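Spelled out from the first residue to the last, the chains are:
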Amino acid sequence: MDKFVIRGGAPLSGRLKVNGSKNSALPILIATLLTDEACVIDNVPLLRDIRTTFRLLETLGKKVTVEDHTVRVEAHRPLKTRAPYDLVKQMRASILVAGPLLARFGEVRVPLPGGCAIGMRPIDIHLKAFVDLGASCRTDKGDVVLTAKTLRPGKVRFKFPSVGATENLMIAAAALSGRTVIENAAREPEIEDLANFLTAMGARVRGAGTARVEVLGRPGLRGVRHRVIPDRIETGTYLLACAAAGGKIFLEDAVPHDLEALLRGLERAGAKVRREAGGIGLAAPKRLKPVSIVTAPHPGFPTDLQAPWMACMTLASGNTHVREEVFERRFLHAAELARLGALISVDGDAATVSGVSELQGASIMASDIRAGAALVVAGLAAKGTTEIQRVYHIDRGYERIEERLKKLGARIRRVAA
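All of these numbers come straight from a predicted model, not from anything done at the bench. (Residues numbered from 1 in each chain as written. Predicted model: local features only at pLDDT ≥ 70, side-chain atom pairs only at ≥ 80, totals over all residues. Heavy atoms only, no water.)

S.K.: What is the right way to read the overall build of the chain from this model?
M.R.: Per the secondary structure count, the chain includes 14 helices and 23 strands. Taking 2.2 N^0.38 as the reference for a compact globule, 417 residues should give roughly 22 Å; the C-alpha atoms of the chain span a radius of gyration of 21 Å, in line with that estimate. Overall, the C-alpha framework of the chain stretches about 65 × 45 × 40 Å when taken along its three principal axes. When the 417 residues of the chain are sorted by exposure, 59% land in the buried category. Contacts in the chain between residues at least 24 apart in sequence constitute 71% of all its contacts with a sequence separation of at least 6. (Helix = DSSP H or I, 4+ residues; strand = E, 2+ residues; numbered from the N terminus. Rg over C-alpha atoms; globule rule 2.2 N^0.38 Å. Buried < 20%, exposed > 50% of the residue type's maximum accessible area, 1.4 Å probe, protein only. Contact = heavy atoms within 4.5 Å.)

Written out as structure tokens, the structure reads:
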């Protein structure tokens, strides 16, 4: 397995263009199952999870062609309604195939999904929504089996604004003749991007980005061309890397509106943030001030940036409190940060970080995508050499992160094991 070797202590500087959003590209690629016509998706990040999605689509019957960051998905064989376990276990987003396949064919069989080790992340919200629209649900040998003679449009209210469940139901509803209403829907920017894609295909989606989404669907959706929005989590990670390591950077195509909770936190911590139509700039302070955060669904502080934020706060001039209210067991990075000299105490869903004057390089190990990103942030700021094992986790969410950080002056390299 590859590892990253980082010689920390070098400030970051320069400009970097933000890649397309992983969390937007995944549901959009899966939504191509709604049509037999060709779809062309631009600005797709070439990540491990994206490549897994390509294989999943091809296994189900699609043909996927990739040229640079443009992906063409078209019909190849009659679509299958059973997703294979060997692919689903690698990526939680695979459960999204349930929506388009159930809506089009009245049946789907999907293994219980895998993905990051950050808690149970149950799919009961997805399944209850499909049952509310007339589906029958059962489990069989580790698979979820959904059937519906006629999946009907209707009103669904989520107990929690789940991003995945909102996407899954939106995709299914786009293919149903009639109006489906989702209440307590997720409000993330990626939901809006999916809504724009589905609308271009021929459905009508209103309210995306609010807690109430209406989908006026219709059968026979068409193929379209669509450009994926910039990745706000990649943006946030690079901003936090600069805040921790020092320096001054500008991220092209970054969207300030999508990251206001983070940007306000960085400003309170002493960083100078520049919001522009063309991107986001950041100048790091000599030392960060401690700023406590609580994760929440959008527009709150993103759970996917909680770990990199904690890495930053290990060097702040005081105590920081971090509360995780989206996923349980999302503090696995704390023990690895402690190996670099961080002082962190964890109590259930809360952590207290006591800032230190410096971190020292050591051998550490990534446990999931965002925990891995936090270790990169800390390694860039630490004195000496840091080696990060299991970087395949990081590759799931960040395209060639080591090469992109080098463009900003980071001393990081990938070493093949």
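S.K.: Hey, could you run me through helix α7 (residues 189–201) in this one?
M.R.: The α-helix winds at 3.6 residues per turn, so residues separated by three or four positions along the chain end up facing the same way. For α7, spanning 13 residues, the distance from its first C-alpha to its last is 19 Å, which sits close to the expected 18 Å at 1.5 Å a residue. Three or more residues of α7 are buried, namely Pro 189, Glu 190, Ile 191, Asp 193, Leu 194, Ala 195, Phe 197, Leu 198 and Met 201. For α7, the elements touching its buried residues are α1 (22–31), β3 (39–42), α6 (163–174), β11 (204–206), β13 (225–227) and α8 (232–245). Gly 202 sits one or two residues past α7 and shows a positive phi near 130°. (Expected span 1.5 Å × (residues − 1).)

S.K.: It is not clear to me how the environment of Thr 320 should be interpreted in this structure. Could you clarify?
M.R.: Locating Thr 320 in the fold gives a position in strand β18 (residues 319–323). Sequence separation of Thr 320 and Val 255 is 65 residues, and the distance between their C-alpha atoms is 27 Å. Setting aside residues up to four positions removed in sequence, Thr 320 forms contacts with Pro 290, Val 291, Ser 292, Trp 309, Met 313, Ala 351, Thr 352 and Val 353.

S.K.: Sorry, what's going on with the nonpolar core here?
M.R.: Nonpolar side chains in soluble globular proteins tend to be buried together. Residues Leu 29, Leu 34, Val 97, Leu 146, Met 170, Phe 197 and Leu 198 are the most contacted members of the largest nonpolar core, which totals 74 residues. With seven residues, the top contributor of residues to this core is α6. What Leu 146 contacts, discounting residues up to four positions off in sequence, is Ala 98, Leu 102, Gly 106, Glu 107, Val 108, Leu 127, Phe 130, Ala 135, Ser 136 and Cys 137. In this structure, Ala 241, Leu 340, Ile 369 and Leu 375 belong to the second largest nonpolar core, which totals 71 residues. (Core = buried A, V, L, I, M, F, W, Y, C linked by side-chain atoms within 4.5 Å.)

S.K.: Is there a simple way to explain the sheet that holds strand β21 (residues 363–365) in this structure?
M.R.: Sheets are built from strands paired through backbone hydrogen bonds, the pairs being either parallel or antiparallel. Strand order in the open sheet made by the four strands is β21-β22-β1-β23, with mixed pairing throughout. Edge positions in the sheet fall to β21 and β23 (412–415), since each of these pairs with one other strand and no more. Going from strand to strand, the sheet's axes swing by 25° on average, the running direction of each strand aside. Pairing of strand β1 (residues 3–7) with strand β22 (residues 385–389) involves four bridges; the strand directions are antiparallel. Counted as the bridge partner of Phe 4 is Ile 388 from β22. On the sheet, helix α12 (residues 369–381) packs against β1, β21 and β22 and is oriented at approximately 30° with respect to β1. (Pairing = 2+ DSSP bridges. Axes fitted to C-alpha atoms, helices over the stretch in contact; angles between N-to-C directions.)

S.K.: Sorry if this is basic, but what is going on with helix α10 (residues 306–313) here?
M.R.: Of all eight residues making up α10, eight are buried, and the element is well covered by its neighbours. Within α10, the full set of buried residues consists of Gln 306, Ala 307, Pro 308, Trp 309, Met 310, Ala 311, Cys 312 and Met 313.

S.K.: For this particular structure, what's the right way to read the packing of α6 against α7?
M.R.: In a packed pair of helices, the relevant descriptors are the angle between the two axes and the axis-to-axis distance. With their axes 11 Å apart at the nearest point, α6 and α7 run at an angle of 10° to one another. When the axis of α6 is compared with that of α7, the two are roughly parallel. Contacts between α6 and α7 involve Val 163, Thr 166, Glu 167, Met 170, Ile 171 and Ala 174 from the former and Glu 190, Ile 191, Leu 194, Ala 195 and Leu 198 from the latter. Tallied by class, residues from the contact of α6 with α7 come to eight nonpolar, one polar and two charged. (Parallel < 35°, antiparallel > 145°, perpendicular 65-115°, else oblique. Nonpolar A, V, L, I, M, F, W, Y, C, P; charged D, E, K, R; others polar.)

S.K.: Would you take a moment to explain the state of the cysteines for this structure?
M.R.: Linking two cysteines covalently through their sulfur atoms gives a disulfide. Inspection of every chain in the model, using the stated rule, returns zero disulfides. Between Cys 312, a cysteine without a disulfide, and Cys 242, which holds the nearest cysteine sulfur, the sulfur-to-sulfur distance is 9.1 Å. (Disulfide = S-S within 2.5 Å.)

S.K.: Would you mind showing me how to read the pairing of β3 here?
M.R.: A two-sided burial pattern is seen for β3, the buried positions comprising Cys 39 and Ile 41 on one face and Val 40 and Asp 42 on the other. The pairing of β3 with strand β5 (residues 70–75) spans three bridges and is antiparallel. Across the sheet, residue Val 40 finds its bridge partner in β5, namely Arg 72. Relative to β13, β3 is paired through three bridges, and the arrangement is parallel. Across the sheet, the residue bridging to Asp 42 is Arg 227, located in β13.

S.K.: What is the right way to read the environment of Arg 268 from this model?
M.R.: With respect to the helices and strands, Arg 268 occurs in helix α9 (residues 260–268). According to the relative accessible area criterion, Arg 268 is exposed, its value standing at 55%. Sequence separation between Arg 268 and Lys 289 is 21 residues; the distance between their C-alpha atoms is 7.4 Å. Each residue touching Arg 268, except ones within four places of it in the same chain, is listed here: Lys 289, Val 291 and Ser 292.

S.K.: Would you mind showing me how to read the packing of aromatic side chains here?
M.R.: Centre distance and the angle of the planes are the two values used to describe a pair of aromatic rings. Enumeration over the complete set of coordinates arrives at one aromatic pair. Both rings, one in Phe 301 and one in Trp 309, keep their centres 5.5 Å apart while their planes meet at 75°; by these two values the pair is edge-to-face. Residue Phe 301 shares its accessibility class with Trp 309, and that shared class is buried. (Phe/Tyr/Trp six-rings, centres within 6.5 Å; stacked < 30°, edge-to-face > 60°.)

S.K.: Quick question: what am I supposed to make of the environment of Ser 24 here?
M.R.: Take Ser 24: it is sitting in helix α1. What makes Ser 24 buried here is its relative accessible area of 0%. Sequence-wise, Ser 24 and Val 44 are 20 residues apart; in three dimensions their C-alpha atoms are separated by 9.0 Å.

S.K.: I tried to follow the sheet that holds β5 on my own but got confused; where do I start?
M.R.: In spatial order, the strands read β4-β5-β3-β13; together these four strands make up an open sheet with mixed pairing. Each having just a single partner strand, β4 (62–67) and β13 make up the two edges of the open sheet. Across the sheet, the mean angle from the axis of one strand to that of its neighbour is 15°, orientation sign disregarded. Strands β3 and β13 of the sheet are contacted by α7, whose axis makes an angle of about 165° with β13.

Coordinates in, geometry out; function isn't part of it.
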